[in-house]
Amino acid sequence: MGTTSRLSLLLRSGRHRPGLFFSARALAWSALVAAAGAGLGAGCGRTEAWEDPAASGGWPSAACGDGVCDGAEDCGSCAPDCGLCQGCGDGACDGAESCASCSSDCGVCGACGDGACATPENCGNCASDCGLCPSCGDGACDEASESCASCPNDCGPCPSCGDGVCGGADTCLTCPADCGVCEGCGDGLCTAPEDCSSCAPDCGACASCGNGVCNVGLESCFSCPADCGACASCGDGACSGTETCASCQRDCGVCSVCPNGVCESFETCSNCPADCGACEPADCLEVITCASRCIDLAQSPPAFSLACVSSCVSRGCADVQFFVDQVMTCALPLLPACNGDFDCIQEQCAVEVAACIGATC
């Protein structure tokens, strides 16, 4: 099979999902490819390690949270083991209730959120410092010992969550929509006490997200825009307030961190070899074939993904990139006239194709 025939066969294989809009004025292709190849050559994202409180001794070794109510524990000091005191959860902070014994009614104690789990804090009244209790996350809200303040995953967020004010029982762990995500969220590692509801950028969306139903009380525009729609501020061009890459990709970009051991969206061997592995050098035919899959000829006019094309081109050495650029610059303006027929395009660009095939590195 001749070089021209092989190229035609390869170019016809596969289609990549369309990305940026492709104009018929394709003479700008050369500049776009060159810019993209240079711009996507390095990985990005925060890579600092998150300090695990458990490893550094920040979490207490007390028995509160072990499921056994014993010793000096009672409903006021350890609701996760002994159950909530009578009246806790009725919305009124009265009687013997306090921030330590009933944070859902009285709000979290002043020190909660400082990163240190110290008495009288425990997993039941300050999950952001002490982590979630072991029973939290089983899908069932045990009303005797769990509440919206200690386990929003099972019990749903507290009524105040979503009002735009971080107060009362709200913390970064129980209500990131109002309080913002906790420190460490966004480093690409889903590490306790992070979970899908408190840190979707690292842990991904919760299981129910994506089923087309916005589960009131459990999902919101912040935690599940796929089901609940984008939040009002999303789309203003600024990643601000409580927006994250999970809740507003349009403003904040994609949740990809290099390196974190996972080859994520928009990471490639070119811009994140630590996660995706080193690139194998590609010859001219391989680069052109790869780039052709970034073009969607099913649309009129055709559409293409600039990120996809630049990733393909970056795999070639300098000479290969130059000659691929010449082929594409010649070929793209011919798409309308040739009606997508690559045999026609190759006939018109025979010189550029021959030079590309002959390129050595």
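Residues numbered from 1 in each chain as written. Predicted model: local features only at pLDDT ≥ 70, side-chain atom pairs only at ≥ 80, totals over all residues. Heavy atoms only, no water.

### A short note on helix α14 (residues 306-313)
α14 sits mainly inside the fold: six of its eight residues count as buried. Those residues of α14 that fall on the buried side of the exposure criterion are C308, V309, S310, S311, C312 and V313. (Buried < 20%, exposed > 50% of the residue type's maximum accessible area, 1.4 Å probe, protein only. Helix = DSSP H or I, 4+ residues; strand = E, 2+ residues; numbered from the N terminus.)

### Here we look at empty space enclosed by the protein
Applying the stated rule across the entire model yields five cavities of 30 Å³ or more. Lining the second largest cavity are 18 residues; nearest its centre among them are A79, L84, S101, G124 and N125. Residue assignment for the lining of the second largest cavity shows that the elements contributing at least two residues are α4 (79-82) and α5 (103-106). Here the residues of the lining of the second largest cavity sort into seven nonpolar, eleven polar and no charged. (1 Å grid on protein atoms, 1.4 Å probe; cavity = no way out; pocket = protein on both sides within 12 Å on 5 of 7 lines; lining within 4 Å. Points joined across faces, edges and corners; volume = space filled by probe spheres on them. Nonpolar A, V, L, I, M, F, W, Y, C, P; charged D, E, K, R; others polar.)

### What about the packing of helix α13 (residues 284-292) against helix α15 (residues 318-331)?
α15 packs onto α13 with a crossing angle of 50 degrees between their chain directions and a minimal axis gap of 10 Å. The angle between the axes of α13 and α15 places the two elements in the oblique class. Every pair of crossing elements has a handedness; the one defined by α13 and α15 is right-handed. Between α13 and α15, the contacting residues are C284, V287, I288 and A291 on the first element and V320, V324, V327 and M328 on the second. (Axes fitted to C-alpha atoms, helices over the stretch in contact; angles between N-to-C directions. Parallel < 35°, antiparallel > 145°, perpendicular 65-115°, else oblique. Left-handed = near helix turned anticlockwise from the far one by under 90°. Contact = heavy atoms within 4.5 Å.)

### Some words on the environment of C190
Relative to the elements of secondary structure, C190 occurs in the loop between α8 (176-179) and α9 (200-203). Looking at C190, the relative accessible area reads 44%, which means it is partly exposed. Here the alpha-carbon distance between C190 and C203, two residues 13 residues apart in the chain, equals 5.0 Å. Those residues in contact with C190 that sit more than four places away from it in its chain are D202 and C203.

### Points about the environment of A318
Within the secondary structure, A318 is located in helix α15. Separated by 41 residues in the primary sequence, A318 and A359 place their C-alpha atoms 9.7 Å from one another.

### Some points on the packing of aromatic side chains
Per the stated rule, a full pass over the model turns up one aromatic pair. When the centroid spacing of 5.1 Å and the interplanar angle of 75 degrees are considered together, the rings of F322 and F323 count as edge-to-face. For F323, a relative accessible area of 23% corresponds to the partly exposed category. (Phe/Tyr/Trp six-rings, centres within 6.5 Å; stacked < 30°, edge-to-face > 60°.)

### Here's the deal with the confidence of the model for the chain
Per-residue pLDDT for the chain has a mean of 79; in total, 82% of the residues score no lower than 70. Segment residues 2-61: pLDDT under 50, and 111 contacts once partners within four positions in sequence are set aside and those in other chains are kept. (pLDDT = per-residue confidence, 0-100.)

### Comments concerning the state of the cysteines
Counting across every chain of the model gives 32 disulfides. Across the disulfide, C190 is cross-linked to C203 (sulfur-sulfur distance 1.9 Å). Here the S-S torsion is close to 95 degrees, and the disulfide linking C190 with C203 is therefore right-handed. Of this pair, C190 sits in the loop between α8 and α9 while C203 is found in helix α9, placing the two residues 13 residues apart along the sequence. (Disulfide = S-S within 2.5 Å.)

### With respect to the side chain of S270
Note that S270 resides in the loop between α11 (249-252) and α12 (273-276). Reaching out from S270, the side chain makes a polar contact with the side chain of S314 at a distance of 2.6 Å. (Polar contact = N/O pair within 3.5 Å; in protein donor to acceptor, adjacent residues only side chain to side chain.)

### Details of the side chain of S223
Within the fold, S223 resides in the loop between α9 and α10 (225-228). Under the relative-accessibility criterion, S223 is labelled buried at 18%. Ignoring sequence-local partners within four residues, the contact set of S223 consists of C209 and L218.

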